[in-house]
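The residues making up each chain are set out below.
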Amino acid sequence: MEAPGGTVSAAVREHLQQLCLHEFPCGAGSWNKSRFLPQTWRTWRELIPREEEAGSPGEETVEDLLGLVCSPQSPWALPEGSSAEDRFLRQLAIRNPLMLKDAFLYSYFRSLRVVDKQVSVVDKDLLKFPKLEELVLSANQIKEIDAVNLPPTLKVLELYGNIITSMDCLCAQPPPRLQHLGLGHNKLLGPLQSLYVTSEHWPNLVSLDLGFNDLTDLQGMVASLSSLQHLRLLVLQGNPLALVPYYRGFTIDSLARLCVLDDITVSSSEKHLFRGLRHSGDFLAPEAQLVVTIGNVRGVLDTSILDPEPGPQGPFISYSYYVTYDFVEDEEGEGHEYGGVLAEIVKPSPSVEQLGEEVPEEITAVTPAAEEAEDSAESLPMTMSQSQSAELEESVVSGVSPSPSLRRSIDSAGELAKLRPRMDPRLCPSPGTVLFSTVRKPWADVMPCNYEMQHTLRDLVPLKAFLLAGTTVTIVEEKILSWPTVPPPVDNPLPAKKGKGVKDKKGKEEKDKAAKEEKETKAQKGAKKKKEVSKDLRQDPPVLQVLGSGLVVLEPLLAGESLVSTVCNFGVIRTLETDRMTFLRESKNKKAKKALEPGKSKSKMPTLPADDSDYQPEPLTVEVQIQLNQCRSKEEALRTVVV
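Here the structure is a predicted model, which is why all the values come from computation and not from measurement.

J.: When you look at the pattern of salt bridges in this model, what are you seeing that I'm missing?
T.: Close approach of charged atoms allows side chains of opposite charge to pair. This model, assessed by the stated rule, comprises 10 salt bridges. The partner of Arg248 in a salt bridge is Glu270, and the shortest N-O contact between them spans 2.6 Å. In this pair, Arg248 sits in helix α7 (residues 247–254) while Glu270 sits in helix α8 (residues 268–273), placing the two residues 22 residues apart along the sequence. Glu270 gets classed as buried once you look at its relative accessible area, which sits at 16%. The residue Glu577 makes a salt bridge to Arg580 at a minimum N-O spacing of 3.7 Å. On the criterion of helical spacing, the pair formed by Glu577 and Arg580 is a turn pair, its members being three residues apart in helix α15 (residues 576–588). In the salt-bridge network here, residues are joined through shared partners; they are Asp445, Arg574 and Asp579.

As structure tokens, then:
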């Protein structure tokens, strides 16, 4: 293999060496030397066998030598997938090796395939191939090509998977007979690329593949392509310009002679549906629209069954569950205008170590206790820096150890640093993305998220990069501990004071009356009671735990698919014991289930098998769909017209 910076001609020479055209069983040697002795020498010695005669006893016949290179089991056989040209040259090297001169090889090749050979330079030695019609230089390291070095006889030129950033280098002196140009999976970027796909440069072009580059100007590209009178096959998918909803319809209507677009045949009915759309190109919004839908979550472990019953002083523990996903941030847009109350932009907060275990945590509302803790956490380093920095500096300069009080402060700061927040990477969006969340749901065997969000983006190049990378979907459990703000009062009645019996009796009657009124209105204030309780409780910052996280591949949306639908499976987190505990608890609460409001879907309890060996716990899953909006007619496309 050539080192980086190799030339095409060097790669061709190396390939010919690997064919071993001058080594056994090919070429001339002791295995067939009598067939290639000079005519005068053979006549004088009378050692020339006729064609029908056998050679010397120590030589091989032509048939035996051909069998060695043609048999798949032979150690001299060509690797599987070798080209027809390679097989012909091996056989020719056996039948008539004297023909394998440089002049013959140059004139023989009509097709050259130099794939994945680290080639970076297309040198002028290619001009030595006078009959070359097909040149494949895919999967190399070519940044630019000097078109002067391309044989004028070329009809097919493929440069897939290189690092070409502009077509300008090809247009200096392009091959005039070229019919197919493949530039997919390169780095073509910018609106100026449309200037290099005109009939002035490619008068006979029939097929053009520019897929999976970074082209963004659909109107300019199509306007230049319309000058190619012979163009019948076009590939533009994988470019940011192909993500707009009207891409296919606008391209078909603008290029009337096109037969195949992105490997899909253009039908007459499709042309009819988009007729006239090309006249509205300047008014179509250059933006992509994607809809994210999150359905049911299944297989979540009900963690509350593992918690002890709360005492009168708490803590009272509540659990909720939600799903997050990251999506690209539109820098060119006028701001995020997300419709629907189900969407929530989540900015994950760091977690705090508790009981020696790192627990992910997200602080959505700062409580007074949290503020006090935060103030105390920040004030200690500040105090030390102001009042003890001079002492610390003096001790360092003089070499004397710090005072005990200063050492205690340093130790306290070190312990505090250990408790400082840590970020859970699974709860953080990747650079350039925003984290979105469904609404929080209480536990159920099947939790319907009913989430749908439309993302409209104008910056299409980052969107393409995001679709190539995919999105991370995460199921999160949120745990909140609540504590009473005031400890419950202890029954310790005060002794009655002398001389105030009438007053105490009157107060007692008022208390009894108030208690009676409160008892009568207790049933009518069920909803308000929860609010009163929440006011009397102090909530700790939420503790987050990631139940499952995984990547959803979105590359099919670039390859022409309009929908990615998947069920993310994060494995089993429930056990037979936890399911049995949940089943027993829910059985005791059947009466509470009957009191559900009409219209609310009842959660379906898992059925437990009689035999433990038949138990198959349900895995943790979530249903996810991402759809790229695509217009099916001219009318749909005109709905995106910029007002």
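J.: How do you make sense of the packing of helix α6 (residues 218–225) against α7 when you look at a structure like this?
T.: Each pair of packed helices can be described by the angle between their axes along with the distance between the axes. Interaxial distance between α6 and α7 falls to 10 Å at its minimum, and their mutual angle equals 25°. Comparing the axis directions of α6 and α7 gives the class roughly parallel. The crossing of α6 and α7 is right-handed. For the pair formed by α6 and α7, the contact residues are Leu218, Gln219 and Val222 on the first element and Tyr247, Phe250, Thr251 and Ser254 on the second. A class-by-class count of the residues in the contact of α6 with α7 yields four nonpolar, three polar and no charged.

J.: In this structure, what is going on with the sheet that holds strand β22 (residues 621–628)? I would like to understand it.
T.: As a general point, the strands of a sheet are linked pairwise by backbone hydrogen bonds and lie either parallel or antiparallel. What the four strands build is an open sheet, ordered β17-β11-β22-β21; its pairing is antiparallel. What marks the edges here is a single partner per strand, and that holds for β17 (446–457) and β21 (563–569). Averaged over all pairs of adjacent strands, the angle between strand axes in this sheet comes to 10°, irrespective of strand direction. Pairing analysis gives seven bridges linking strand β11 (residues 288–298) to β22, with the strands arranged antiparallel. Counted as the bridge partner of Val291 is Gln627 from β22. Across the sheet, helix α12 (residues 460–469) lies against β11 and β17, angled at about 30° from β11, the strand it touches most.

J.: I tried to follow the sheet that holds strand β2 (residues 111–113) on my own but got confused; where do I start?
T.: One open sheet holds the eight strands; their spatial order is β2-β4-β5-β6-β7-β8-β9-β10, and the pairing between them is mixed. The strands lining the two open edges of the sheet, one partner per strand, are β2 and β10 (264–265). Pairing of strand β7 (residues 207–209) with strand β8 (residues 233–235) involves three bridges; the strand directions are parallel. The partner of Ser207 across the bridge, within β8, is Leu233.

Cut-offs used in this document
- Residues numbered from 1 in each chain as written.
- Predicted model: local features only at pLDDT ≥ 70, side-chain atom pairs only at ≥ 80, totals over all residues.
- Heavy atoms only, no water.
- Salt bridge = Lys/Arg side-chain N within 4 Å of Asp/Glu carboxyl O.
- Helix = DSSP H or I, 4+ residues; strand = E, 2+ residues; numbered from the N terminus.
- Buried < 20%, exposed > 50% of the residue type's maximum accessible area, 1.4 Å probe, protein only.
- Axes fitted to C-alpha atoms, helices over the stretch in contact; angles between N-to-C directions.
- Parallel < 35°, antiparallel > 145°, perpendicular 65-115°, else oblique.
- Left-handed = near helix turned anticlockwise from the far one by under 90°.
- Contact = heavy atoms within 4.5 Å.
- Nonpolar A, V, L, I, M, F, W, Y, C, P; charged D, E, K, R; others polar.
- Pairing = 2+ DSSP bridges.

Everything listed here is a matter of geometry and, on its own, says nothing about what the molecule does.
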